[in-house]
Amino acid sequence: MTDWLEQLTTQHVRDLTPYESARRLFGASEGNQRVWLNANESPQANEYTLQSSLLNRYPDCQPPKLLAQYAQYTGLMPEQIVTTRGADEGIELLIRAFCQPGRDSVLICPPTYGMYAISANTFNVGVEKVLLNQDFSVNVSAINSFVGKVKLIFLCSPNNPTGTIMAQEDLECILTAYSNNAIVVLDEAYIEFSAGCAKTALLAKYPHLVILRTLSKGFALAGIRCGFVLSSVHIKSILLKVIAPYPVPDPVAQIAMQALSTVGIELMRANVKCLSAQRTLLSEQLRQVAGITLMGDQCGNFILFNSAHSKALMHYLVEKNVLIRDQSKQVMLDNCLRISIGTKQQNAQLMTLIETFFSQQKGSHSTNQEVAR
Ligand SMILES: *Cc1c(COP(=O)(O)O)cnc(C)c1O
């Protein structure tokens with residue numbers, strides 16, 4: 001880069017590196033002969049209609065009908081809901097609203113979703129880390145020792161990539177410790193896959209609780225970028241101070257409203273049921289493979305596993321045009337890979353490749369032994 005441009009760039013931006021999203025690692029344009037099991041997307045798209053008669057107008061900042069539908073879906077009031085450009089924008093709004101750059105910090109519990117730290121870094125906000133326990137539950141006492149030192153606590157349930165659900169008593173213990181001194185953010189991006197575990201009812205009891213939601217996972221709409229922040233009316237009014245004037249393009253609102261209609265929600269539930277059955281089948285098959293250990297739990301639309309051969313397996317699958325996600329750079333997740341549940345055919349294809357790979361490993365292993373002998 002030229003010197004003057006480098007000089008113009010702020011110090012903390014100079015030090016940033018772009019997020020390695022699944023789509024940046026392997027572009028969507030690289031051909032659709034590939035099997036995409038690396039970004040926790042739905043393997044199938046639903047059909048929607050679009051009306052163009054209002055595209056000459058700026059959209060509502062917060063389309064009232066969309067908020068009303070999401071309120072009905074969650075049992076909350078529209079006044080408690082902000083719709084955003086994906087849950088990722090919700091993360092960003094919270095950091096911008098509550099953290100003073102260069103001074104304040106957020107707390108995260110790795111291994112977890114990468115965007116909390118990325119967003120904090122982008123805004124020059126500090127990141128404190130409290131690792132999950134060995135069983136991937138949250139370390140409540142360590143988290144609570146940061147009272148007074150952090151403005152936001154990011155928790156994720158079901159957690160990506162461990163697939164674990166947070167115990168309600170842990171959550172309430174954290175909420176109690178941080179009452180009146182921080183915002184506790186619960187990311188429920190995968191809640192449709194564990195519907196009974198939603199914590200929306202706690203919003204009435206804890207005014208500093210915020211819940212993040214998205215249409216990207218269970219609703220199979222990652223392409224439209226639509227998310228929701230659920231909170232108290234007071235927190236909503238603060239977030240609306242920092243949100244962009246037109247965060248939700250009109251076509252996005254149109255599609256989101258179809259997805260949140262009675263029919264749309266039924267369709268989502270049927271799709272989630274299918275994927276969950278596929279997830280159960282695939283985890284049972286993976287459990288049979290010597291050389292694979294399932295990790296965490298399977299409360300989302302993905303499976304995390306460990307294998308001593310993870311690097312070679314990843315390489316083998318890429319060569320065969322099947323993409324899963326390498327998680328081995330994350331703390332506590334050495335040699336771990338994550339599979340997003342695909343269609344029945346895609347999962348079967350993946351399983352065949354995995355079995356072939358491990359039978360070859362066994363073959364080459366015994367050959368080595370023979371040579372050694
Ligand atoms: C996918 C994901 C998100 C991002 O959702 P978008 O609405 O697509 O921005 C947020 N949190 C977690 C844990 C995720 O896995």
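What counts and what doesn't
Residues numbered from 1 in each chain as written. Predicted model: local features only at pLDDT ≥ 70, side-chain atom pairs only at ≥ 80, totals over all residues. Heavy atoms only, no water. UniProt positions renumbered as here; feature names shortened; annotations may be inferred. Helix = DSSP H or I, 4+ residues; strand = E, 2+ residues; numbered from the N terminus. Rg over C-alpha atoms; globule rule 2.2 N^0.38 Å. Buried < 20%, exposed > 50% of the residue type's maximum accessible area, 1.4 Å probe, protein only. Areas by Shrake-Rupley, 256 points an atom, 1.4 Å probe, with all protein chains shown as cover. Lys, Arg positive; Asp, Glu negative; His and termini not counted. Charge placed at Lys NZ, Arg CZ, Asp CG, Glu CD. Contact = heavy atoms within 4.5 Å. Domains from an automatic or database assignment. Buried area = accessible area lost by both parts, 1.4 Å probe. Near = heavy atom within 4 Å. Polar contact = N/O pair within 3.5 Å; in protein donor to acceptor, adjacent residues only side chain to side chain. Nonpolar A, V, L, I, M, F, W, Y, C, P; charged D, E, K, R; others polar. Pairing = 2+ DSSP bridges. Right-handed = clockwise from strand over helix to strand, strands pointing away.

Under an unreviewed UniProt entry, the protein chain has the name Histidinol-phosphate aminotransferase and belongs to Glaciecola punicea ACAM 611. UniProt, in its Catalytic activity (unreviewed entry) section for the protein chain, records the words "L-histidinol phosphate + 2-oxoglutarate = 3-(imidazol-4-yl)-2-oxopropyl phosphate + L-glutamate". Under the UniProt heading Sequence similarities (unreviewed entry), the note attached to the protein chain is "Belongs to the class-II pyridoxal-phosphate-dependent aminotransferase family. Histidinol-phosphate aminotransferase subfamily."

(A) Focus on the overall build of the protein chain. Across its full length, the protein chain holds 13 helices and 13 strands. Relative to its length of 373 residues, the protein chain is compact, with a C-alpha radius of gyration of 22 Å against a globular reference of 21 Å. Seen through its C-alpha atoms, the protein chain measures out along the principal axes to roughly 70 × 55 × 50 Å. Within the protein chain, buried positions represent 50% of all 373 residues. When the accessible surface of the protein chain is totalled, it reaches about 18,000 Å², and 53% of it is carbon and sulfur. Charge centroids of the protein chain, computed over 31 positive and 30 negative side chains, lie 1 Å from each other.

(B) Fine view of the UniProt feature "modified residue: N6-(pyridoxal phosphate)lysine" (unreviewed entry) in the protein chain. UniProt feature "modified residue: N6-(pyridoxal phosphate)lysine" (unreviewed entry): in the numbering of this structure it lies at Lys217. Tracing the backbone shows Lys217 in the loop between strand E7 (209-214) and strand E8 (227-230). Residue classification places Lys217 among the buried positions, given a relative accessible area of 15%. Beyond its immediate stretch of four places on either side in the chain, Lys217 contacts Ala39, Asn40, Ser42, Ala189, Tyr190 and Phe193.

(C) The domain arrangement of the protein chain, seen in detail. On domain assignment, one finds that the protein chain holds domain 1 (3-41 + 264-354) and domain 2 (64-261). Of note, the centres of domain 1 and domain 2, computed from C-alpha atoms alone, are 22 Å apart. Facing 29 residues of domain 1, the contacting portion of domain 2 comprises 37 residues. Here domain 1 meets domain 2 over a buried area of about 2,500 Å², counting both sides, of which 69% is carbon and sulfur. Of all residues in domain 1, the largest losses of buried area upon contact with domain 2 belong to Tyr19, Cys299 and Met332, amounting jointly to 24% of the total for that side.

(D) Seen up close, the site of the ligand. By nearness alone, 13 residues border the ligand, and Ala87, Asp187, Tyr190, Thr214 and Lys217 come closest of all. In this structure, Asp187 approaches the ligand through a side-chain N or O atom, which is 2.6 Å from a nitrogen atom. Here an oxygen atom of the ligand and a side-chain polar atom of Lys217 are 3.0 Å apart. Expressed as a share of its isolated accessible area of 390 Å², the protein-covered part of the ligand is 94%. Considering each element in turn, the shell around the ligand owes the most residues, three residues, to helix H5 (residues 86-98). Among the residues making up the shell around the ligand, the classes are represented as five nonpolar, four polar and four charged.

(E) Molecular detail of the environment of Leu171. With respect to the element layout, Leu171 can be found in helix H8 (residues 168-177). When the C-alpha positions of Leu171 and Phe123 are compared, they lie 27 Å apart, and in sequence the two are 48 residues distant. If sequence neighbours within four positions are ignored, Leu171 has contacts with Leu155, Met166, Val184, Leu186, Lys199 and Leu202.

(F) Highlighting the UniProt feature "domain: Aminotransferase class I/classII large" (unreviewed entry) in the protein chain. Within this structure's numbering, the places UniProt gives as "domain: Aminotransferase class I/classII large" (unreviewed entry) are residues 44-351. Helix makes up 36% of residues 44-351 and strand 16%, whereas the separation of the span's terminal C-alpha atoms amounts to 19 Å.

(G) Summary view of the pairing of strand E3 (residues 105-108). Covered by surrounding structure in E3 are Ser105 and Leu107 together with Val106 and Ile108, the residues of both alternating faces. Bridge count between E3 and strand E4 (residues 126-129): four bridges; the pairing is parallel. Opposite Leu107, over in E4, you have Glu128 as the bridge partner. In the classification by handedness, the crossover that spans E3, the intervening helix H6 (residues 115-122) and the parallel E4 is right-handed.

(H) Representation of the pairing of strand E13 (residues 336-340) in the model. With five of five residues buried, E13 lies mostly within the body of the structure. By the alternation rule, side chains of E13 split into Cys336, Arg338 and Ser340 and Leu337 and Ile339, which are all buried. Pairing of strand E12 (residues 325-326) with E13 involves two bridges; the strand directions are antiparallel. By the bridge assignment, Asp326 is partnered in E13 with Leu337.

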